[in-house]
Amino acid sequence: MRLQGAAHIVRGDRATCGSLDEVEAPRILPVGIPHVLIDGRFVIEDGRRTDLLAGRSVRRTPSAD
């Protein structure tokens, strides 16, 4: 990380980290990840989603192969 640089930071616990989402409910938050910061702002804090919409979507472009 550097001053004025963009960073996405995830703090998790390997012992408890996991996913509970299903096809029917894909937006269930993972367990064991209490904090997620995007561009220096909390989007997940103390295991709860904040109202902040930070960052931008990353689109995958088709390969030329």
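Scroll up for the structure.
Here the residue index of a chain counts from 1 through its sequence in written order. With the structure being a predicted model, the display of local features is reserved for residues of pLDDT at least 70 and the display and counting of side-chain atom pairs for 80 or more, all residues being used for whole-chain, interface and lining totals. Note: side-chain values were computed over all heavy atoms of the structure, leaving out hydrogens and water.

Draft legend 1. Structural detail: the overall build of the protein. Every helix listed is a DSSP run of H or I at least four residues long, and every strand listed is a run of E at least two residues long, numbered separately from the N terminus. Broken down by element type, the protein carries zero helices and four strands. The N-to-C order of helical and strand elements in the protein reads β-β-β-β. The rule is simple: take the accessible area with a 1.4 Å probe, protein chains only, and divide by the maximum for that residue type; under 20% is buried, over 50% is exposed, in between is partly exposed. Looking at the 65 residues of the protein, the share that counts as buried comes to 15%. In what follows, a contact means two residues having at least one pair of non-hydrogen atoms within 4.5 Å. Taking the intrachain contacts of the protein between residues at least 6 apart in sequence as the baseline, contacts between residues at least 24 apart amount to 23%.

Draft legend 2. Layout of the pairing of strand β3 (residues 41-45). Any two strands with at least two DSSP bridges between them are considered paired. Of the pairings in the sheet, the one linking strand β2 (residues 35-38) to β3 comprises three bridges and is antiparallel in character. In the strand pairing of β3, L37 is matched with F42. The loop that links β2 with its antiparallel partner β3 comprises two residues; one of these, D39, has a positive phi angle of about 55°. Across two bridges, the pairing between β3 and strand β4 (residues 48-49) is antiparallel. Bridged to I44 within β4 is R49. Here β3 hands over to β4 after two residues, with D46 in that stretch at a positive phi of 55°.

Draft legend 3. Up close: the nonpolar core. I33, V36, I38, V43, I44 and A54 form the largest nonpolar core, which has six residues in total. Counting residues per element, the ones that place at least two in this core are β2 and β3. Apart from the residues within four sequence positions on either side, I44 is in contact with L29, I33, P34, H35, V36 and R49. Joining through side-chain atoms within 4.5 Å is the link that ties buried Ala, Val, Leu, Ile, Met, Phe, Trp, Tyr and Cys residues into a set, and such a set is a nonpolar core.

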